[in-house]
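Here is how the chains run, residue by residue.
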Amino acid sequence: MGETAFILYAAVYLALGMAAMLISMFIRKKKLSGGKDIKNPGEEQGAGKP
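How each quantity is defined
- Residues numbered from 1 in each chain as written.
- Predicted model: local features only at pLDDT ≥ 70, side-chain atom pairs only at ≥ 80, totals over all residues.
- Heavy atoms only, no water.
- Helix = DSSP H or I, 4+ residues; strand = E, 2+ residues; numbered from the N terminus.
- Buried < 20%, exposed > 50% of the residue type's maximum accessible area, 1.4 Å probe, protein only.
- Areas by Shrake-Rupley, 256 points an atom, 1.4 Å probe, with all protein chains shown as cover.
- Expected span 1.5 Å × (residues − 1).

Colleague: Before we go on, may I ask you to explain the overall build of the chain in this structure?
Modeller: Across its full length, the chain carries one helix and zero strands. Residues counted as buried form 0% of the 50 residues belonging to the chain. Summing over all exposed atoms, the chain offers an accessible surface of approximately 5000 Å²; the carbon and sulfur share of this is 70%.

Right, here's the structure in full:
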């Protein structure tokens, strides 16, 4: 009984950690792509192109 509860606890803990990482990665990616180019943060997208 004790080993089964521990394995279930470990699986849930691991799943919550993975979900938190995915959410934070999604938020970070959404925050970075806020209308400006990531490589040239000082320029607007399309600036300098003919």
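Colleague: How do you make sense of helix H1 (residues 2-32) when you look at a structure like this?
Modeller: Helical geometry: 3.6 residues make up each α-helical turn, so side chains three or four residues apart lie on a common side. Here H1 contains 31 residues, and its C-alpha end-to-end distance of 45 Å stays within 8% of the 45 Å for a straight helix at 1.5 Å per residue. Across the 31 residues that make up H1, only a small minority, zero, are buried.

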